[in-house]
Amino acid sequence: MSGHGNVHVIAVPFDSAHRARRMGAGPPHLVACGLLDRLRESRRRVELSELAPPHEAWVAEIRTAFDLDRQLAGTVAAARTRGAFPLTLAGNCITSVGTVGGLGAGTTGVLWFDAHGDFNTPESTVGGFLDGMALATVVGRCWTSLAASVPGFAPVAEANVVLVGARDLDDAESELLNASAVVHLRAEEAATRLDAELAALGRRVDQIYVHVDLDVLDASEGRVNGYSGGQGLSRSELLAAIESAGQRCRVAAGAITAYDPAYDTDGRVARTAIDVALALANAGDVRHAAQPRH
Ligand SMILES: [Mn+2]
């Protein structure tokens, strides 16, 4: 088979239940900037779906997030059944619960790029933003009943999570993270330590989900959203890290989240996001190419 597998791009253009507002505007903007065309340049078949909450549903931040996650899990699972690589474009990081659910059975690891820990719980949060609890939800620390309603979802073992680039942590969140088994690499440690961590992760799990909250990027690479800043990864470090994930692990799905085009006044972040999409698809291809040897 050819090295380039098909890709199913799944747009979830919501931020806190608002469609196409703030970071919810990111997915349609990236599509308008040519993300699908870029993936098609390597002769992939690329499909696009856009998710929306059920018409009759009352809209509320938490409820709607999990409505979307339930749909996303089904769409991701269907893409995998067809042999396509699921690539989620989302406003919010809480979509990670749906994407992980769609990967279903098997041991799943997570490589999570983010300026933030997303490791608050309903008890520790002072901001009340559901996305600040996204990784904590993925590992089963909170919203456990709602997460259990997402088809295929099972909490990811904390030891199988590698968090890269988080530098903007609340005090209580920082304590929770330090006491957890999550592998946390600062941006400046990625170049020297990430490859070995991924090699070890690849031996522990069947597959990984690669979550790219674009605000992991260093401030010098552009402004990603209203929460971004501080010392993060350069564009080239981020792309190299995703490539290394593809070599060390079976990358089963990817996501690009938290991009608010209103902050990206010179369009640099959009160009980087499209490079990241291609890097994720390529990392997924390594899995396809490697399959016959398993
Ligand atoms: Mn995040």
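Residues numbered from 1 in each chain as written. Predicted model: local features only at pLDDT ≥ 70, side-chain atom pairs only at ≥ 80, totals over all residues. Heavy atoms only, no water.

Participant: Would you take a moment to explain the pattern of salt bridges for this structure?
Facilitator: Side-chain pairs of opposite charge can arise where the charged atoms are in close proximity. What the rule picks out here adds up to 16 salt bridges. Close ionic contact of D195 with R248 constitutes a salt bridge, the shortest N to O distance being 2.6 Å. A residue pair is termed long-range when its members are at least 10 positions apart, and D195 in helix α8 (residues 187-204) and R248 in helix α9 (residues 235-248) qualify at 53 residues. Connected through salt bridges with shared partners, the residues R186, E188, E189, R193 and E197 form a single ionic network. (Salt bridge = Lys/Arg side-chain N within 4 Å of Asp/Glu carboxyl O. Helix = DSSP H or I, 4+ residues; strand = E, 2+ residues; numbered from the N terminus.)

Participant: Teacher, can you tell me more about the packing of α8 against α9 here?
Facilitator: If you want to describe how two helices pack, look at the angle between their axes and the distance between the axes. Where α8 contacts α9, the two axes come as close as 9 Å, and the packing angle between them is 30°. On the basis of their axis angle, the class for α8 and α9 is roughly parallel. Remark: the crossing between α8 and α9 carries right-handed chirality. Residues L194, D195, L198, A199 and G202 of α8 pack against A241, S244, A245 and R248 of α9. Looking at the contact of α8 with α9 residue by residue, the class counts come to five nonpolar, two polar and two charged. (Axes fitted to C-alpha atoms, helices over the stretch in contact; angles between N-to-C directions. Parallel < 35°, antiparallel > 145°, perpendicular 65-115°, else oblique. Left-handed = near helix turned anticlockwise from the far one by under 90°. Contact = heavy atoms within 4.5 Å. Nonpolar A, V, L, I, M, F, W, Y, C, P; charged D, E, K, R; others polar.)

Participant: Would you mind showing me how to read the sheet that holds strand β1 (residues 7-12) here?
Facilitator: By definition, the strands of a sheet pair up through backbone hydrogen bonds, in either a parallel or an antiparallel sense. The eight strands lie next to each other as β4-β1-β5-β10-β9-β6-β7-β8, forming an open sheet whose pairing is parallel. Single-partner strands in this sheet number two, and they are β4 (46-50) and β8 (183-185). On average, each strand axis in the sheet is inclined to that of its neighbour by 15°, with strand direction left out of account. Note that strand β9 (residues 207-213) and strand β10 (residues 251-257) share six bridges and pair parallel. Bridge assignment links I208 to a residue of β10, and that residue is V251. Contacting β1, β5 (85-90), β9 and β10, helix α3 (residues 61-81) runs over the sheet at an angle of about 175° to β1. (Pairing = 2+ DSSP bridges.)

Any functional reading would require information that these geometric values do not contain.
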